[in-house]
Each structure stands twice: as structure tokens, then as C-alpha cells.
Amino acid sequence: MTIHKDSLKKNQRELDDILEDSPMTRERFRQHEIELDNISATLRKVIKLSKQFKAAGDAFREISDAFGQELQQFDFSDLPSDLEQNFATAASSLGQAVLDVGDYQSMFMVQLGTLFTQPLERFLKEDIKNAREQCKHHARIRTKYEQNITKFSHVKKTDVDKIPEAENELHYVRRDFQLSSLEYASKLRRVRTLAKINLMKRACAFLYSEKAYFNQGNGIHQTLEPQLENISGYVSLGQDYITLHDAILKQKKDELIAGTKNIRDSKGKISTNEVSGYLFQKKANKW
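No experiment lies behind these values; they were computed from the predicted model shown.

Conventions we followed
Residues numbered from 1 in each chain as written. Predicted model: local features only at pLDDT ≥ 70, side-chain atom pairs only at ≥ 80, totals over all residues. Heavy atoms only, no water. Helix = DSSP H or I, 4+ residues; strand = E, 2+ residues; numbered from the N terminus. Buried < 20%, exposed > 50% of the residue type's maximum accessible area, 1.4 Å probe, protein only. Contact = heavy atoms within 4.5 Å. Areas by Shrake-Rupley, 256 points an atom, 1.4 Å probe, with all protein chains shown as cover. Lys, Arg positive; Asp, Glu negative; His and termini not counted. Salt bridge = Lys/Arg side-chain N within 4 Å of Asp/Glu carboxyl O. Core = buried A, V, L, I, M, F, W, Y, C linked by side-chain atoms within 4.5 Å. Phe/Tyr/Trp six-rings, centres within 6.5 Å; stacked < 30°, edge-to-face > 60°. Polar contact = N/O pair within 3.5 Å; in protein donor to acceptor, adjacent residues only side chain to side chain. Axes fitted to C-alpha atoms, helices over the stretch in contact; angles between N-to-C directions. Parallel < 35°, antiparallel > 145°, perpendicular 65-115°, else oblique. Left-handed = near helix turned anticlockwise from the far one by under 90°. Expected span 1.5 Å × (residues − 1). Bend = angle between axes of the 7 residues up to and from the residue.

Caption draft 1: Representation of the overall build of the chain. Summing up its helical and strand segments, the chain has four helices and two strands in all. N-terminal to C-terminal, the α/β element order of the chain is α-α-α-α-β-β. Residues classed as buried in the chain amount to 26% of the 287 residues present. Look at the contacts in the chain between residues 6 or more apart in sequence, and 77% of them connect residues 24 or more apart. Total accessible area on the chain stands at roughly 20300 Å², and carbon and sulfur atoms take up 56% of it.

Caption draft 2: Focus on the side chain of E210. Among the secondary structure elements, E210 is positioned in helix α4 (residues 162-262). In this structure E210 is buried but unpaired, with K211 as the nearest side chain of opposite charge at 11 Å. Dropping the residues within four chain positions of it, E210 is found in contact with F53 and F108.

Caption draft 3: Up close: the nonpolar core. Counting residues in hydrophobic clusters, the biggest one holds 26 residues, and the most contacted among them are F29, L36, L43, F123, I128 and V191. Mapped by element, the contributors of at least two residues to this core are α2 (23-73), α3 (81-153) and α4. Element by element, the count of residues in this core is highest for α3, at eleven residues.

Caption draft 4: Expanded view of the packing of aromatic side chains. Enumeration according to the criterion identifies ten aromatic pairs in this entry. Measuring from centroid to centroid gives 5.5 Å for F108 and Y213, while their planes differ by 10 degrees, and the two rings are stacked. Highlighted residues: F108 in helix α3 and Y213 in helix α4, separated in sequence by 105 residues. When the centroid spacing of 4.6 Å and the interplanar angle of 10 degrees are considered together, the rings of Y145 and F177 count as stacked. Of this pair, Y145 sits in helix α3 while F177 sits in helix α4, and the two are 32 residues apart along the sequence.

Caption draft 5: Looking closely at unusual backbone geometry. The backbone phi angle of D78 is positive, close to 75 degrees, even though this residue is not glycine. Inspection of the secondary structure assignment puts D78 in the loop between α2 and α3.

Caption draft 6: Structural detail: the pattern of salt bridges. Counted by the stated rule, this structure contains twelve salt bridges. Across the pair R192 and E35 runs a salt bridge whose closest N-O atoms are separated by 3.1 Å. Separated by 157 residues along the polypeptide, R192 in helix α4 and E35 in helix α2 bring together distant segments of the chain. Look at E35 and you get partly exposed, because its relative accessible area is 25%. Ionic pairing is found between D176 and R175, a salt bridge with its closest N-O pair at 3.6 Å. Among the residues examined, D176 registers a relative accessible area of 35% and is labelled partly exposed. When its relative accessible area of 40% is taken as the criterion, R175 is described as partly exposed.

Caption draft 7: Quick look at the side chain of R202. Within the secondary structure, R202 sits in helix α4. Among buried charged residues, R202 stands out as having no salt bridge; its nearest opposite-charge side chain is D127, 10 Å away. At 3.3 Å, the side chain of R202 forms a polar contact with the backbone oxygen of L115. Look past the residues within four positions of R202 in its chain and what remains in contact with it is L115, F116, P119 and L120.

Caption draft 8: Layout of the environment of L83. Relative to the helices and strands, L83 resides in helix α3. Assessed through its relative accessible area of 3%, L83 is described here as buried. Once residues within four sequence positions are removed from consideration, L83 is found in contact with Y234, L237 and G238.

Caption draft 9: Inspection of the packing of α2 against α3 at higher detail. Look at α2 against α3: their axes get within 8 Å of each other, and the N-to-C directions meet at 165 degrees. Accordingly, the angle class assigned to the pair α2 and α3 is roughly antiparallel. Of the two elements, α2 crosses α3, and the hand of that crossing is left-handed.

Caption draft 10: Looking closely at α3. A rise of 1.5 Å per residue sets the reference length of α3, with its 73 residues, at 108 Å; its end C-alpha atoms lie 105 Å apart and thus fit the reference within 8%. Along its length, α3 reaches its greatest deviation from straightness, about 35 degrees, at T117, and the proline P119 lies no more than four positions downstream.

And the structure:
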């Protein structure tokens, strides 16, 4: 609360200075307008990035769905029957999990738009636009005030009848200008403050939505843990099957090589007494 009180006192002093319309006050207005322009540019950049984030998320969802569907449709035939059945069942479950996580991710992308992007866009179109309109309105009143001051300064002191009328007109124009200055200064401070508050508010909403999405995905993954362990076991069995297949292949190759050696003579030449080939066989010089 002490911080707020100090800030309010500072605002009060600034409002008091505004009524004087000094060069320092005008420079302060200019700096606040520049700050508002910078905030507006930053919000536009953040909004653009959030839209790019959503576009990337939508593209990821499309790819993720395709990946999950391919898992579900993968052909595990020609494997040993136990592996074929268990792999097909597991792939269907894993593919569905990918699709389910994609559904939650799609919800997160929708919330990104409704809770973050769209509110900031409305703030730009309404609050900041109104502040810019207030700036134009205040500039017109300032011009009128300066013109009236010039007009009053040209009233001759000898024009006694015109002086009261000119003073009265200047009084009301000055009052309108001071009211406009107070409203404009308040508007500038209010919008600049609201912009910063809203950005943090929307950033928190974004992160809460992202946290919910991660928790939902994590929940799906946790339910799959027992099945993933079973799949790891079947993958090991599959590796054993490949190892056995390679061993059988090696055995057959070794038998073929050994059989070829048996029919070679001591000089390393193939014996003419026993030769076999496609559709023929020779034994003891007879075919």
C-alpha cells in the first residue's frame, strides 16, 4: 500500500503541474505519448507472435494426428503370432494416446486465442485507439487555446469595451483546455498502466492453459506406463527372434560351406567322381 500511496502522490503532483501548461508539462506529455506508441508496438508484436504460435500448434496437431493414425494402421503381419497380436494392440493404444493428446493440444490452441490473443487485440482496438482519439481531441483544444491567447494579446488596452469580453472568452477556453489536459493525462497514464497489467494477466492465463495441457498429456502418458513396460518386454522378445533368425541363417551357410568342402579333393579341386547341379548328378563317371 505504501508503494501505491507514493505513486498516487506523484500522480497528484503531475496533475497539478499540468494545469500550469509549462514547457516541462508539454515535454512530459510528449514522452508519455512516445511510451504509449512503444507499448502499442510491443503489444502488436506479441499478438503477431501468439498467432504464429497458434499456427505452429495447428500444424503440429495435423502432423501428430497423421502420426497417431499411421501407428494404428501399421501392419505387423509375418511376425510370430504372439508378437503380431501384442504389437498390433499396443500400436493401436499408442496411436490413440497420440490422438488424445492432440485433442488437448487443440483445446490449448483455442484457449490461446480466446484468453490471450483476442483480449489484447480488443485492448488495442478500443483502449489504445480511444487514447489516440483523445490525443487528437486534446490537440484541437490546445490549438484553440493558443489561438485565443494570441487573439487576447492583440486586444488593445484602449479597447476598454472589448477587454472584459476577451478575458471572459479566454477564461472559458483556458478552463476547457485545462479539463482536456487533465483528462488526457489521466487517459495516457491509465491506458499505459492497463496495458502492462493486461499483458501480465493474459500471460498468466496462457501459462495456466499450457500447464493444464501438459498435465492432461502427462495423465495420458502415466496410464500408458504399464503397457509401455509390456511393450518393452515384447520388443526384447522380438530382438531375440531376430538373433535366433540370424543364428539359423549362419548355421545354414556354415552347412553349405562345409558340404562344398567335403566334395573337394585333397588338391582343392572338385572331384570328377561326384558332381551335382540343376537337374543332373554324376557318380562314378555316370550321369
